[in-house]
Structures are given as C-alpha cells and as structure tokens.
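A look at the structure
Residue-level listing of the chains:
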Amino acid sequence: MSLYIEYLNEIETRKEQGLHPKPIEDGALLQEIIGQIKDTGHAHRADSLNYFIYNTLPGTTSAAGEKARFLKEIILGEATVEEISQDFAFELLSHMKGGPSVEVLLDLALGDDAEIAQKAAAVLKTQVFLYDADTNRLKKAFEAGNAVARDILESYAKAEFFTRLPDIEEEIKVVTYVAAEGDISTDLLSPGNQAHSRSDRELHGKCMISPEAQAEIQDLQKQHPDKRVMLVAEKGTMGVGSSRMSGVNNVALWTGKQASPYVPFVNIAPVVAGTNGISPIFLTTVGVTGGIGIDLKNWVKKVDADGNPILNNDGNPILEQKYSVETGTVLTINTKDKKLYNDAGDKELVDLSSSFTPQKTEFIKAGGSYAIVFGKKLQTFAAETLGIELKSAFAPSKEISHEGQGLTAVEKIFNKNAVGVAEGKVLHAGSDVRVKVNIVGSQDTTGLMTAQELEAMAATVISPTVDGAYQSGCHTASVWDSKAQANIPKLMKFMNNFGLITARDPKGVYHSMTDVIHKVLNDITVDDWAIIIGGDSHTRMSKGVAFGADSGTVALALATGEATMPIPESVKVTFKGQMADHMDFRDVVHATQAQMLKKFGDNVFQGRIIEVHIGTLLADQAFTFTDWTAEMKAKASICISADDTLIESLKIAKSRIQIMIDKGMDNEARTLQGLIDKADARIAEIKSGEKPALKPDENAKYFAELVVDLDEISEPMIADPDVNNADVSKRYTHDTIRPVSHYKGEKKVDLGFVGSCMVHKGDLVIVSQMLKNIEKEKGTVEFKAPLVVAAPTYNIIDELKEEGEWSILQKYSGFEFDDLFPKSKARTEYENILYLERPGCNLCMGNQEKAAKGDTVLATSTRLFQGRVVEDAADKKGESLLASTPVVVLSAVLGRMPTAEEYKSAVKGIDLTKFAPPMEKPAGTKSAHF
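Residues numbered from 1 in each chain as written. Predicted model: local features only at pLDDT ≥ 70, side-chain atom pairs only at ≥ 80, totals over all residues. Heavy atoms only, no water.

**Examining the nonpolar core**
Ranked by internal contacts, the top residues of the largest apolar core, which has 113 residues, are Phe52, Ile84, Met457 and Val545. Looking at which element gives the most residues to this core, the answer is helix 17 (residues 369-386), with nine residues. If sequence neighbours within four positions are ignored, Ile84 has contacts with Leu49, Phe52, Ile53, Leu71, Ile74, Ala89 and Leu92. (Core = buried A, V, L, I, M, F, W, Y, C linked by side-chain atoms within 4.5 Å. Buried < 20%, exposed > 50% of the residue type's maximum accessible area, 1.4 Å probe, protein only. Helix = DSSP H or I, 4+ residues; strand = E, 2+ residues; numbered from the N terminus. Contact = heavy atoms within 4.5 Å.)

As structure tokens, then:
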C-alpha cells in the first residue's frame with residue numbers, strides 16, 4: 001500500500017473524530033504527493049496540490065525538505081505546475097521558516113540568474129531563522145565580492161526583517177470569556193491526561209476547558225467578529241502550575257490568529273488575563289506566541305480607615321470589585337497609552353504598562369519572541385561582517401545599576417552569565433539580560449512539541465555552548481501503552497540525534513531510564529553558578545538557578561545556548577529555632593508558605609526568586625524545598641549552601657553521572673564526562689578558597705525577607721485543596737496549609753501516594769522503617785487504603801537494594817514493577833496493598849495513572865490541582881492533599897488522617913529528614929541525610 005493511500009485512510013479515521021487531515025511531516029509521503037502533482041491526469045492531483053500548499057509542516061521536517069526542493073525546481077523552470085507560479089513559489093518558501101527553505105533561497109540568491117537572485121534576495125531579507133551554515137555562506141559570498149550577498153547583509157544590518165513589519169494595532173477591542181474563578185491551572189487549558197496528543201494541535205485543542213466552553217467562545221466570536229476573545233481567570237492567576245506551551249497553543253487555536261495561511265492549526269497572539277495577572281512561566285510562553293498577558297486588578301482588598309485589610313470570618317481579606325469582566329464584556333486595549341478602557345474608551349480601568357514593555361511590544365509585532373532572539377543575532381552578525389557599527393533596531397535592554405548596592409545570589413549568577421553587556425557593568429534586579437544557559441532539560445510529554453519547535457526554527461544540532469542537555473522519559477514511565485510506544489521512541493531518536501543525553505537509547509543498547517527529569521537535572525548540574533532551563537515547571541535545582549519553561553523556550557535554549565529574561569527580584573528566606581524530632585523537612589517547607597502568608601498577607605514569593613539559606617542540607621534533600629517553590633508561585637529558587645555541603649553534593653552528582661556513563665548513556669561528544677570534569681574543577685575551586693560556594697553580598701537588597709521559625713512547627717502540615725470552600729477562588733491554591741490536628745483523625749483517606757520528584761532516598765527508607773515499626777507494634781501490617789510508592793530514580797532503588805531496605809519494601813508489597821514487562825494499561829482500580837511502581841512521575845503527572853474518581857488522596861507530590869491526581873465523581877469531588885512521607889504512610893495504614901498523637905507515636909525512633917539552620921547542627925543525629 002502506498003503512503004498516500006495510508007494517508008487517505010488516516011484522513012477517513014480523523015473525519016470520524018471531527019478532525020481535518022493531519023499536517024504532513026514525512027518526506028516520503030510528500031514525494032508521492034509531488035509525483036501526483038506532476039502527473040496532470042492523476043485522479044488525486046487536486047487534493048495532492050492542496051496538501052502540498054496548505055498542509056505541509058515547515059522548518060526542518062523531511063517534508064519541508066521535499067517541498068523546498070520542488071519549489072526550487074518550479075522557480076528554475078525545471079518543473080511546471082500551472083497553479084504555482086514562480087512568484088507564488090517564492091511566497092511559499094517565505095512561509096517555511098528556515099532550514100531547507102533558506103538553503104534553497106541562498107542557492108537561488110547566490111546563483112547565476114540575476115532576476116531570480118533578486119527575487120530570492122527579497123525573500124531572504126524577510127527571514128530570521130538562519131544558522132551558522134547559512135550565515136557562513138553569506139559571509140563567504142560577500143568576501144568573494146557577490147553584490148547580492150552584500151545587499152542581503154546590508155538589509156540584515158538594518159534589521160529590515162523587523163523594521164518593515166507593520167506596527168501593532170493602537171487599539172484592540174476584546175470581548176471577555178471567564179474560563180473559571182480562582183487560579184486557572186494550565187491543566188484546565190491542556191489536561192495532563194491528554195499529553196499524548198500535544199503534538200497533534202487540532203486533536204489536542206479539543207481538550208481545552210470543555211466542549212461547552214469551546215462552543216461559548218465560538219458564539220462570542222460570531223457575535224463580535226471584529227473583536228478578539230480574551231480568556232480570563234476571575235479572582236485568580238492565569239496559568240499556574242506549569243508553562244505548558246500546549247495550553248497557550250490551545251488558547252491561541254480557539255482565540256488567536258493563524259500564523260500562516262499555509263500552515264494549519266498553528267495560531268498566535270492569544271489575549272489572556274487574570275485578576276492577579278499571569279503566572280510568570282506561563283507569561284513567558286504567551287510571549288513565545290506574540291500574545292498579550294494582562295493583570296486586571298479588577299478586585300481589590302477592602303480596607304479600613306487606617307488602610308488595613310478588612311477580614312471576613314475565615315480571616316481572609318474581603319474583596320471589592322473595581323469593574324466587571326463577566327463573560328461578554330467588551331473592553332478596549334490601548335497599546336499606545338498602555339491602558340485598559342471600557343467599551344466606549346472613555347473610562348480607564350487599569351494601567352497596562354507591564355503588558356506593553358518595549359520588549360513585549362516587539363514580541364507582539366514580530367509574532368513571537370523567537371523572531372526577536374534570532375533577529376538580534378542576525379543583525380549583529382551582519383554588522384560585524386560588513387565591518388560597520390551596530391545600530392540596534394531593537395529596544396535597548398533595560399540596564400539597572402545601583403551604586404554601592406551589593407548583589408543577591410541570582411543577580412550574581414545573571415551577571416556572571418550575561419551576554420552582550422559592557423565589561424565592568426554590574427546589573428541589578430529589573431535589568432533585561434541575555435544569558436548563557438548551562439543545562440537544558442526536555443521532558444517526554446512536551447518533548448514532541450520541543451522537537452516540532454526545533455524543526456520550525458530550522459535547528460539541527462545542539463548549541464556547542466550548552467554544557468549538557470537531557471531528554472527524560474519520566475512522564476510516560478508508568479504505562480508503556482500504544483500512545484507511548486508510538487511517540488517516545490521517535491522523540492528519543494530525534495533528541496539523541498540533536499545531541500541530548502536521552503533516557504531511552506533509540507538503538508536499544510542501554511536499559512531505559514525513566515528517572516524524574518528534575519532529579520536528573522539536579523544531578524547533572526555541577527556548578528552553583530549555572531543557569532538551567534527545563535521543559536517542566538518543577539525545573540528547580542538545589543544548585544544554580546533553574547527556570548521551568550515552555551517547550552519553545554527549551555527549544556530556543558537548545559538551539560542557541562541562550563535565554564533572555566529580566567533579572568528577577570529576590571525574597572530572602574532564613575531559619576531560626578530548632579526542628580522538633582518528630583517533624584519531617586516537608587513540614588518545614590509547608591510551614592514556610594504558611595508563615596509567609598501570615599506575615600505579609602499577600603504572596604511575596606509570586607514571580608520572584610526565593611533565596612533559601614539551606615546551609616547544611618545536601619542537594620537531594622534541599623531539592624524538596626526548591627521543588628515546592630513552583631507551587632509557591634515563585635519564578636525560581638536558589639539554595640545557599642555551606643562549602644562542605646556543596647562539595648558533598650557535587651560528589652554525589654559525580655557518582656550519579658558516572659552511573660549514567662557506565663550504563664552507556666554518554667554520547668560522542670562525551671558530554672557526561674565533561675560534566676564530571678567540570679564538577680572536579682568546581683570542587684577544587686571551593687577547596688582552595690579560590691571561589692567559595694555562591695553567597696549573596698551582605699549589602700544585597702531584597703524585595704522582602706522572611707525568617708521561618710522552626711519552633712512554631714509542632715505538628716505535620718498539610719496542603720489542602722479546600723475543595724468545598726464557598727469562595728471558589730480559594731480552592732486548589734496551595735495556600736491553605738493546615739496542621740494535621742485540624743482533621744481530628746476523622747478525615748477518610750482513599751489512597752496514599754509516596755512518589756514524584758518531592759521524595760528522595762531517605763523517604764523510601766522512612767516507608768520501610770514505618771512499616772517495620774507498625775508490624776512490631778501490631779504484629780502485622782494491614783493497609784486500610786492503597787499505598788502507591790514510586791521512587792523518583794533507579795539509582796535510589798539500586799542503593800536501597802544494596803543496603804537491604806528494598807527487600808523490606810518487597811516484603812510488604814502486593815505489586816512490584818517489572819521493567820521487562822511494563823504495564824500496558826493504566827490501573828483503574830486499587831486494592832488495599834502496597835504498590836511498588838516504576839521510577840517516574842506516576843500519579844503526580846495524571847496523564848496515565850489516576851486515583852479512582854472522587855477519591856481523597858494523601859500524597860507527597862506537588863500537585864493538588866483539580867483533576868490532576870484524581871478527577872471528580874458525580875457525587876463527590878476528588879481531592880489531593882499534600883503531606884510528608886510518614887503522614888502518607890500512616891494514613892494508608894489507618895485509612896484516615898492520623899491524629900497528632902498517633903503520628904508522634906508512629907514515628908518514634910525513625911530517622912526523618914532533619915534540618916538545622918546554617919551554623920547549627922541537629923543534635924545527636926545519625927541521619928544519612930548529613
């Protein structure tokens with residue numbers, strides 16, 4: 001059967017799902033289609049022509065290569081297609097974004113036919129996605145005296161690819177659509193359980209919010225054809241939880257504008273808004289698509305005569321509505337005044353300066369941030385090649401320097417890694433900086449999109465300036481189903497060829513490693529001065545500073561080795577007092593959130609760096625804090641460690657990297673060995689005193705400072721989604737932190753989950769120790785609720801096996817994963833037993849494994865969003881409460897939340913994760929965590 005007939009069969013299948021033909025990326029299929037176009041009498045010629053013009057993916061897909069070559073034949077007159085003139089062929093090339101299309105345009109521009117060369121040059125002047133191979137050809141031709149090459153370079157030096165674009169509209173009319181009240185998780189826009197379809201944009205678009213919501217949006221568009229639909233988070237923040245490029249893609253698909261008439265289902269320029277603005281990492285993703293993010297501030301706190309917030313009976317501030325944004329409200333965005341007005345435009349509602357900074361305005365004008373990043377590099381290259389002064393066409397980067405003011409830890413890292421900053425210039429928070437990226441991570445449910453982004457921006461190989469990059473397999477680790485089998489090998493092959501270390505070997509040489517991505521990135525980060533970009537919101541390292549990012553920003557970091565962002569403000573977090581023996585460090589993490597809200601009222605962490613002075617806690621354990629900072633809505637976090645602690649953490653990282661090398665995971669570039677060498681060099685610097693562990697300056701300035709009082713933490717702390725709160729904006733926020741005594745030992749627990757990135761080796765040891773204790777006290781271990789345990793990494797399991805702890809877990813388990821025969825279907829029902837699951841995200845991701853609908857789950861994970869770990873049943877809301885490992889284990893045994901007294905009794909003699917403030921040491925600890 002021909003590939004084309006198979007494609008037609010797929011089209012019929014998609015019709016049954018209400019879908020259009022899938023965009024073509026396979027070059028072999030397009031070769032058949034081209035053959036049918038050339039055959040003027042072919043029965044499928046008309047459809048083939050349509051697929052060729054309107055349904056072929058651009059960039060570096062193999063189909064794009066075939067399309068570019070055929071268009072070249074048409075332009076040169078070697079092939080004749082009545083429907084595609086020479087000018088139309090050039091237009092099609094102009095929409096293909098680079099890679100083979102730029103190669104063809106350069107062939108034509110530097111060729112012998114003067115008329116064709118001029119037309120090719122005109123198109124090239126509009127292109128920005130040029131790489132070294134392309135710019136080297138231009139430079140070589142220019143140096144050889146080629147006039148067309150000079151003409152193109154002179155255009156690039158003026159950045160005409162940007163300056164000749166139309167300016168953004170001065171006035172944008174929008175009509176509101178309230179997607180939900182309260183914080184809107186990206187799971188609402190792109191559910192985790194639909195992760196397998198993210199690279200199929202049309203199919204994935206059907207999962208946004210609900211079919212009813214999609215119909216309502218379409219109705220608004222029919223009623224207001226001259227306006228853009230603005231998606232709103234009423235009384236909340238838009239896009240919390242993750243960057244989720246697929247979420248922005250879905251919003252753009254339903255409310256945005258088509259990027260190119262020749263590329264289906266790729267839309268740009270969505271308008272999104274929230275009462276409390278947009279989550280920082282989600283806002284970055286909005287910028288990738290040239291969209292607009294708005295902080296509405298339409299609800300404000302009611303204050304008394306002294307300016308203090310008036311509280312309700314629950315102790316929460318009473319909010320007053322400044323103006324309405326209910327669904328169907330027409331508003332006016334004035335991009336010149338940078339204001340939001342009412343429909344008539346005569347009443348100012350809110351200042352939009354933060355939405356239309358010079359940089360964001362450029363993103364909007366260019367249709368996305370990629371074009372600006374590449375455009376700046378291209379203009380710089382052209383000016384250098386021509387030997388002329390660079391006169392940047394772009395808004396100057398904001399540079400803020402305060403004489404005599406010290407630097408926070410993140411300011412130090414940004415200054416060290418800054419690109420294009422004048423020598424000796426010291427930058428403080430608020431400055432816009434291009435920075436070198438040291439480590440990049442791609443995860444498996446966004447990786448296919450990252451691969452698409454790399455193809456779209458015509459990238460073929462990882463930037464040589466990146467120290468190391470990793471493609472994980474953790475989000476699809478739980479179930480090796482047909483969807484995973486179709487997607488993951490293809491992803492691993494692409495990323496392996498691109499230059500990443502991959503969890504799976506496309507050739508099957510080494511055993512698959514499904515370790516959680518952030519844990520691996522934490523291990524391969526071997527410099528506390530590093531900048532890390534990862535395709536997951538929990539890219540939060542205990543070394544360096546890490547930023548969770550959308551799949552496109554990850555692609556940009558892989559292709560260019562750079563990222564551009566403002567230096568964030570920091571909040572300094574230190575500790576005092578002593579941690580009680582019966583407490584676990586996870587309780588300190590939750591208490592930090594609670595004490596911060598109690599002190600400041602508002603979340604001062606949101607959008608900022610949390611600089612946590614962790615001191616004596618090793619990287620694996622410190623990660624528990626940094627991981628949670630994503631849920632604190634922080635931009636990122638930095639751990640300030642003692643010299644000795646950092647050295648020990650780096651030694652652990654070296655050993656973990658060596659395990660990867662021993663498995664056979666290193667590549668021809670010996671990336672992993674290079675990381676070990678860098679770790680050795682960093683250890684030597686610390687030991688010699690040449691460059692101690694990263695610390696802020698004494699006179700650094702912070703947005704706020706918080707001292708966490710360990711003495712106040714007397715019992716386990718629970719993060720509660722508060723699913724029945726009368727105020728829907730207070731549900732699923734991570735801000736409701738309660739002591740275990742609040743539940744009076746009465747709250748039923750249907751399932752316990754110890755796993756995800758929030759646990760380390762010590763947590764698995766705690767599980768075995770608790771089970772031994774319970775058996776000793778009661779004679780047997782009987783679970784009243786299922787307990788799912790998923791180690792984050794294989795090396796943890798290997799170490800537990802060597803130390804004998806794994807055999808204890810096996811003794812109490814009713815199920816143990818088998819890598820030779822992985823599950824092919826997700827579990828839908830659970831017995832009251834212990835499940836030892838494969839390393840990976842498991843329930844926390846929610847795309848494969850789920851608790852039963854309506855269950856009350858107690859978990860160590862980070863996710864309490866609606867529908868993530870557990871979906872609602874018809875008669876009961878599902879809820880995922882978050883707690884420490886010992887609380888989860890005890891709750892599974894009891895089938896309910898324990899009382900404080902039951903908890904204290906159960907953990908006697910157990911080595912919990914301890915912590916003492918720097919300069920102090922836990923008295924008499926025997927913990928392996930130190």
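**With respect to helix 3 (residues 45-54)**
Within helix 3 the residues assigned to the buried category are Arg45, Ser48, Leu49, Tyr51, Phe52 and Ile53. Check the buried side of helix 3 and you find it contacts helix 1 (3-16), helix 2 (27-38), helix 4 (62-76) and helix 5 (86-94).

**Details of the confidence of the model for the protein**
Across the protein, the average pLDDT comes to 93, with 98% of residues at or above 70. pLDDT under 50 marks residues 921-930. Its contacts with residues more than four places away, or in other chains, come to 20 contacts. (pLDDT = per-residue confidence, 0-100.)

**Remarks on the pairing of strand 29 (residues 787-790)**
Burial along strand 29 is two-sided: Leu787 and Val789 facing one way and Val788 and Ala790 facing the other are all buried. Considered for its hand, the β-α-β crossover made up of strand 28 (residues 751-754), helix 27 (residues 761-778) and strand 29 is right-handed. With four bridges connecting them, strand 29 and strand 31 (residues 834-837) associate as parallel partners. The residue of strand 31 that forms the bridge with Ala790 is Glu837. (Right-handed = clockwise from strand over helix to strand, strands pointing away. Pairing = 2+ DSSP bridges.)

**A look at the sheet that holds strand 25 (residues 704-709)**
Strand order across the open sheet formed by four strands is 24-23-22-25, with parallel pairing between neighbours. Strand pairing shows two members of the sheet lacking a second neighbour, strand 24 (636-641) and strand 25, which therefore form its edges. Here the average twist between neighbouring strands, direction ignored, is 25°. Sheet topology note: the strand 23 (residues 609-615)/strand 24 ladder contains five bridges and is parallel. Bridging from a neighbouring strand, Ile609 pairs with Ala636 of strand 24. (Axes fitted to C-alpha atoms, helices over the stretch in contact; angles between N-to-C directions.)

**Some remarks on unusual backbone geometry**
The bulk of non-glycine residues show a negative phi, and the bulk of peptide bonds are trans. Here Ala159, not a glycine, exhibits a phi torsion of approximately 55°, which is positive. Along the chain, the position of Ala159 falls in the loop between helix 9 (147-157) and helix 10 (160-163).

**Let's talk about helix 5**
Those residues of helix 5 not exposed but buried are Phe88, Ala89, Phe90, Leu92 and Leu93. The elements touched by buried residues of helix 5 are helix 3, helix 4, helix 6 (100-109) and helix 7 (114-124).

**Topic: empty space enclosed by the protein**
Tallied over the entire structure, the rule returns nine cavities of 30 Å³ or more. One number sums up the size of the largest cavity: a volume of about 200 Å³. Lining the largest cavity are 25 residues, and of these His475, Asp536, Met845, Arg863 and Arg868 lie nearest its centre. Partitioning the lining of the largest cavity into residue classes produces seven nonpolar, twelve polar and six charged. Estimated volume of the second largest cavity: approximately 120 Å³. Every residue lining the second largest cavity is counted, 16 residues in all, and those nearest its centre are Val240, Gly241, Ala630, Glu631 and Lys633. Considering only residue class, the lining of the second largest cavity consists of seven nonpolar, five polar and four charged. (1 Å grid on protein atoms, 1.4 Å probe; cavity = no way out; pocket = protein on both sides within 12 Å on 5 of 7 lines; lining within 4 Å. Points joined across faces, edges and corners; volume = space filled by probe spheres on them. Nonpolar A, V, L, I, M, F, W, Y, C, P; charged D, E, K, R; others polar.)

**Here we look at the packing of aromatic side chains**
Two aromatic rings, taken as a pair, are described by how far apart their centres are and by the angle between their planes. Scanning the entire structure with this criterion turns up 17 aromatic pairs. Through a chain of ring-to-ring contacts, three or more aromatic side chains come together here, namely Phe575, Phe585, Phe625 and Phe915. The residue whose ring lies beneath Lys235 is Trp299, and the NZ or CZ to ring-centre distance is 4.4 Å. (Phe/Tyr/Trp six-rings, centres within 6.5 Å; stacked < 30°, edge-to-face > 60°. Lys NZ or Arg CZ within 6 Å of the ring centre and 35° of its normal.)

**Here we look at the side chain of Asp584**
Tracing the backbone shows Asp584 in the loop between strand 22 (570-576) and helix 23 (585-600). A polar contact is formed between the side chain of Asp584 and the backbone nitrogen of Arg586, at a distance of 3.0 Å. In terms of polar contacts, Asp584 uses its side chain to reach the backbone amide nitrogen of Thr913, at 3.3 Å. Ignoring anything within four residues of it in the chain, the contact list for Asp584 reads Met579, Ile766, Ser884, Pro886, Tyr903, Leu912 and Thr913. (Polar contact = N/O pair within 3.5 Å; in protein donor to acceptor, adjacent residues only side chain to side chain.)

**Looking at the side chain of Thr671**
Position of Thr671 among the secondary structure elements: in helix 26 (residues 671-688). What makes Thr671 buried here is its relative accessible area of 14%. With residues near it in sequence (within four places) discarded, Thr671 still touches Asp467, Gly468, Ile501 and Asp666.

**Focus on the pairing of strand 22**
Taken together, the four bridges between strand 22 and strand 23 define a ladder with parallel strand orientation. Among the inter-strand pairings, Lys572 is bridged to a residue of strand 23, identified as Glu611. Following the chain from strand 22 across helix 23 to the adjacent parallel strand 23, one finds a crossover that is right-handed.

**Side note on the packing of helix 25 (residues 643-663) against helix 26**
One can describe the packing of helix 25 onto helix 26 by two numbers: an axis separation of 10 Å at closest approach and a directional angle of 165°. Between helix 25 and helix 26, the crossing angle belongs to the class labelled roughly antiparallel. Like other packed secondary-structure pairs, helix 25 and helix 26 cross with a definite hand, here left-handed. Across from Asp643, Leu646, Ile647, Leu650, Lys651, Lys654, Ile657, Gln658, Met660 and Ile661 in helix 25, the residues of helix 26 making contact are Leu672, Gln673, Leu675, Ile676, Ala679, Asp680, Arg682, Ile683, Ile686 and Lys687. The class makeup of the residues in the contact of helix 25 with helix 26 is twelve nonpolar, two polar and six charged. (Parallel < 35°, antiparallel > 145°, perpendicular 65-115°, else oblique. Left-handed = near helix turned anticlockwise from the far one by under 90°.)

**Some points on the environment of Thr629**
You can see Thr629 is positioned in the loop between helix 24 (619-628) and strand 24. Ignoring sequence-local partners within four residues, the contact set of Thr629 consists of Arg540, Ile610, Ala634 and Ser637.

**Section: the state of the cysteines**
Evaluation of the coordinates by the stated rule reveals zero disulfides. As a non-bridged cysteine, Cys474 has Cys841 as the owner of its nearest cysteine sulfur, 3.8 Å distant. Here Cys639 stays free of any disulfide, with the sulfur of Cys757 as its closest cysteine sulfur at 14 Å. (Disulfide = S-S within 2.5 Å.)

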